Amino acid sequence: MNLTPIYQNFIFTTFVLFVFFSIVQLNYRNKLQLNYFMAGAFLSGGLIFLYLWMFLLGLLKYAPFLMHIHLTFILFIGPCFYFYFSAISGVKKYKTATILLHFIPFIASLIFITILNINDDSIVSVYNSNPAILLNCTVNNTIYTINMISNISVSIYMLFTLYQVSIIFKSSKLKREMKMVLLFLILFLFSAFLMLSGD
């Protein structure tokens, strides 16, 4: 039995679900700052699954400038998770300028990888010469470096996020039922977190 189509359909379905959850967050009538953070996390996660789906189907050869663009979205997810749980804990209020600073690595890597793909076709040629090869961040030293930075970044944000989560669970303001729902959300998010940073 060929499981590839099932796997591809699962990835595309996950992309659709993530985008749906992102839209739901943005459709709240009285949106809070944390809704935007969660929408950003779901959207960037969904785009990573879309990228993987396109890669498996060989569609990226028609858009070579997108090769390894998923690494940039990993740099986007980390701050989104951290500021989301930080907003829930209410321990510290961050200014907009401070929040935006955390997303500079995402913007810089997005521009850098796009320019690299446009000016250097050696990355794409590796996959064109061997279509069976899986995503490989060692095909180029620059891509490998960005991959390492994204993994280190997401790990650091995970540690700080866990600290915020510990503050939330120590709060007596949250009811037991709410804590169970929050625990489920945390487990779901961190499962996706680990999977998306697993290059």
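Below is a short write-up of the structure. Source: prediction; values computed, not measured.

1. A few points about the overall build of the protein chain
Then step 1. A tally of regular secondary structure across the protein chain gives eight helices and zero strands.
Then step 2. Start at the N end of the protein chain and walk to the C end: the helices and strands fall as α-α-α-α-α-α-α-α.
Then step 3. Taking all 199 residues of the protein chain together, 40% fall into the buried category.

2. Brief notes about the side chain of asparagine 35
Then step 1. In this fold, asparagine 35 is placed in helix 2 (residues 33-56).
Then step 2. Looking at asparagine 35, its side chain comes within polar contact range of the main-chain nitrogen of leucine 32, at 2.7 Å.
Then step 3. The residues touching asparagine 35, leaving out its near neighbours within four places in the chain, are Gln25, Tyr28 and Asn30.

3. With respect to the nonpolar core
Then step 1. Of all hydrophobic cores here, the largest spans 41 residues; its most connected members are Leu60, Met67, Leu71, Tyr84, Ile113 and Ile143.
Then step 2. Only helix 1 (4-26), helix 2, helix 3 (70-89), helix 5 (104-119), helix 6 (122-129) and helix 7 (141-170) provide two or more residues apiece to this core.
Then step 3. The greatest single-element share of this core, amounting to eleven residues, is contributed by helix 3.
Then step 4. If sequence neighbours within four positions are ignored, leucine 60 has contacts with Tyr51, Met54, Phe55, Leu66 and Met67.

About the cut-offs
Residues numbered from 1 in each chain as written. Predicted model: local features only at pLDDT ≥ 70, side-chain atom pairs only at ≥ 80, totals over all residues. Heavy atoms only, no water. Helix = DSSP H or I, 4+ residues; strand = E, 2+ residues; numbered from the N terminus. Buried < 20%, exposed > 50% of the residue type's maximum accessible area, 1.4 Å probe, protein only. Polar contact = N/O pair within 3.5 Å; in protein donor to acceptor, adjacent residues only side chain to side chain. Contact = heavy atoms within 4.5 Å. Core = buried A, V, L, I, M, F, W, Y, C linked by side-chain atoms within 4.5 Å.

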